[in-house]
Amino acid sequence: MSEHRVRVTQDSGSRWRRRAGEYQTLAEALAAAEPGDTVTVRPGVFRENVLLDKAVTLLPAEGPGTVRIDPPAGVPLTVTAAATVRDLVIEGFNSSAAAVRIEGPEADATLIGCRVDTHSAVGVEVADQAEARLTGCTVSNPSGLGLRLRGGATARFEECEITEAGQAGLAVLEGATARLNRCRLHHTVGAGVLLTDPGTLAELTGCELYEIKGSGVQAEARAVGRLTDCSVHRVTGNGLTLDTEAELHLVDCRLHELPENAADLRDRATLTLERSTVRAFGRGALSVWDTGTSATATSCVIEDSTGDYPAIWVSDGARLALTDCTLHNLPDALFVLDRDSRATVADTSFSEIRSSAVSVSSGASVALERCKVRSAGTGLWFRDHGSGGLLTDCEISDVATGVIVTKGADPVLRDCVVRGSTEAAVYVSAQGRGSFEDCRAVQGKGFGFHVIDGCRTALTRCRAEQNGRAGFEFAEPGPVVEACTSDDVAAASTAPARSAAAPAPAENVPGPRTAQLTSSPALVAPPQIAPIPDCRPADEALAELDALIGLATVKQEVRTLIDLISVGRRRRQAGLKAPSLRRHLVFTGSPGTGKTTVARLYGEILASLGVLQRGHLVEVARVDLVGEHIGSTAIRTQAAFDQARGGVLFIDEAYTLAPEDGARDFGREAIDTLVKLMEDHRDEVVVIVAGYTAEMERFLSSNPGVSSRFSRTIAFPDYTDAELLAIARTQAVEHEYQLAEATEQALLGHFATLHRGPSFGNGRTARQVFETMIERHAMRVAQLPDPSTEDLQLLVPADLPLPRG
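Let us look at the structure shown here. (Residues numbered from 1 in each chain as written. Predicted model: local features only at pLDDT ≥ 70, side-chain atom pairs only at ≥ 80, totals over all residues. Heavy atoms only, no water.)

## Considering the packing of aromatic side chains
- The full count for this structure, using the stated rule, is eight aromatic pairs.
- Relative to F472, the ring of F449 lies with its centre 4.9 Å away and its plane at 15°, an arrangement referred to as stacked. Here F472 lies in strand 54 (residues 472-474) and F449 lies in strand 51 (residues 447-451), a separation of 23 residues in the sequence.
- Accessibility expressed as a relative area gives 1% for F449, which makes it buried.
- Measuring from centroid to centroid gives 4.8 Å for F587 and F716, while their planes differ by 50°, and the two rings are tilted. (Phe/Tyr/Trp six-rings, centres within 6.5 Å; stacked < 30°, edge-to-face > 60°. Helix = DSSP H or I, 4+ residues; strand = E, 2+ residues; numbered from the N terminus. Buried < 20%, exposed > 50% of the residue type's maximum accessible area, 1.4 Å probe, protein only.)

## A short note on the pairing of strand 25 (residues 224-228)
- Here strand 23 (residues 201-205) pairs with strand 25 via five bridges, running parallel. Within strand 25, the position partnered with L201 by the bridge is V224.
- Pairing analysis gives five bridges linking strand 25 to strand 28 (residues 247-251), with the strands arranged parallel. Bridge pairing in strand 28 links L227 to L250. (Pairing = 2+ DSSP bridges.)

## Examining the layout of surface pockets
- A volume near 650 Å³ is recorded for the second largest pocket.
- In terms of lining residues, the second largest pocket is bounded by 28 residues, among which G592, T593, G594, T597 and R767 are the most central.
- The residue makeup of the lining of the second largest pocket, split by class, is nine nonpolar, eleven polar and eight charged. (1 Å grid on protein atoms, 1.4 Å probe; cavity = no way out; pocket = protein on both sides within 12 Å on 5 of 7 lines; lining within 4 Å. Points joined across faces, edges and corners; volume = space filled by probe spheres on them. Nonpolar A, V, L, I, M, F, W, Y, C, P; charged D, E, K, R; others polar.)

## A few points about the pattern of salt bridges
- This model, assessed by the stated rule, comprises 41 salt bridges.
- With a shortest N-O distance of 2.9 Å, R68 and E91 are connected by a salt bridge. Of the two residues, R68 sits in strand 7 (residues 67-69) while E91 sits in the loop between strand 10 (89-90) and strand 11 (93-103), which places them 23 residues apart along the sequence.
- Residue class for R68 comes out partly exposed when judged on its relative accessible area of 31%.
- A salt bridge links R712 to E557, with the nearest nitrogen and oxygen atoms 2.9 Å apart. Taken as a pair, R712 in strand 63 (residues 712-716) and E557 in helix 3 (residues 552-573) lie far apart in primary sequence, 155 residues in all.
- Here R712 falls in the partly exposed class, since its relative accessible area comes to 24%.
- A relative accessible area of 27% means that E557 is categorised as partly exposed.
- The network of salt bridges with shared partners includes R101, E103, E125, D128, R148, R150 and E174. (Salt bridge = Lys/Arg side-chain N within 4 Å of Asp/Glu carboxyl O.)

Note that all results are geometric; they support no functional claim without further evidence.
Right, here's the structure in full:
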């Protein structure tokens, strides 16, 4: 039958032995072929079990899809040598075998453009230390696995599609290795990718896993998986399931539209996420269980939960680390519970959290550093005995209650601020403790620090300002207070914290008892709260201004203003006319040139001279002033202006309020509102607008009243190389390091090579360079067996950042 005829074409090296021939069956042709030969097949269906045990190439004579291999039983295609197969269709119905089997240490198969459309136990199997490369292939197997690698085999898949698998799309086990690039795995059952056994590795790049009845990726028994630029979505189970010491590492990946957990980890498994996005999940984003289990996320976004569960759940002794992450639009963000469970979170933001941003219970602990919580029911809730942790330099704003401590919990908070709470900034009850050091409660509608039930909470150098009710409210003796201040305490004397009954705070926390502090003889003296001290003398603030590196023209401009104001006051005191001065300023210049620092000092100096009541600085940007609908911008702008009354309103990047193409932009409403407020309250607030020079010129021309109210512009020049070196030198002294003379010269040269475009960081760049030097110094000194004190302090040229290529 001519349609089954095949041809063997000899390679150039064997032409002297024989001529090309034609054969009736594939078996005959392959038997005649020698290594290096090509077997071309005319269109047709071959009911043969094909064995490639030589280094031959098998391909159709008339293009893809014209040749089908479909034997009545057995394995349709077996490869045990370095053979190549192109554009064939492999079928077969065998519930106990694979449609394509590549096996043995001599196998090095290449499949290009093939379609495996079968009902078999496995679509393609690579086993027993074999190697395989599949490019542009499609595998469909409703009766079993799509691909299976085992027995130390290695396979690479390029632009392949695995679909309609009755079991996992890809199974890698027994120490095999799979590498997939730009592949699609979909409509499979059990898992998109299944990894198991020690030594097993799968690397996926640019792949998509979707429409899976089960988990997107399931890893267990110490298997390892690495995914880069991959998507996992529309699965019925977890996006990722990890168990028994498995490891998964995801970079630049997307997990979304998941009805269960985006990732579920148990039994000492490890998950690492970098620059990845997790959204639209029904249960949790990360569910981390068991001692030894850990999850780490860096520069990731977790948002838009579709369920009512905490986005991140850490329990039973598990560990979590978040760095530079964003958690947004969630019912609860982070729950940490059970003894030895711990979460470490740095430089991470929580926003639009419907209930608690962070909840700690059952003896768990957290460490938060430089984190921000905005728009949440509760910022942090430490619920019971043994629960605690350390919060450093965190900001909590626009919440019902900032921090709740109850039932024996004992966290430590340092240098934290709660702003704009509706119930209380800090609420402690029911034998809760807690230590608050250098913390602030500002601009709340309720209490600042509210402690009831005689809780022994320690408050050290804490400060309450602009709260709707008492800054410090203690229902009974108990709190230990040291050097705390509040703006609702008269300056003439130091007063005890006010006692009064209060409404129950949000989150169904037990309400305060109605007993008054004076209702029975006090065993502990009422804690004393002092008034907020007056601002420091102008000479001190001016000395700090003079100590700033560089900025000679800026210092001169500020001193001129101060001199004019000071002499004007004395002229009025002498009964003479004083010049009418415009105190509002425009600061122009690049980022990192000290504009905010100078604005703060300017406010302090004006307060010391009696021009401003308090001299505090309120820093805002476009996002703080401009609303999303008509009318909301005026409300936001009014609120920011009210916060700054008695001080300085500093608007960074003010030009963004007047974009060039913003004819209908709400930013202009902010400008109009601001101009009117400046006129109505001209003696209450000093407004400073800041930004790039050219952009600020456009801003000043955006409203007829703007330029008239900002009659003085102070330009902040970029730092010179020598000034950047001086900043680095100051940083070294502050942190107890030393710069060798050669290091200073190298630093000077380094600064000279930096590109000074619009985004150049100036002083910020100098500080970043110094921080990098500290890191490189630590790496270098850590290798020394017994470093001396000089070794621990001295920074050498080798510690400088490596030049960018």
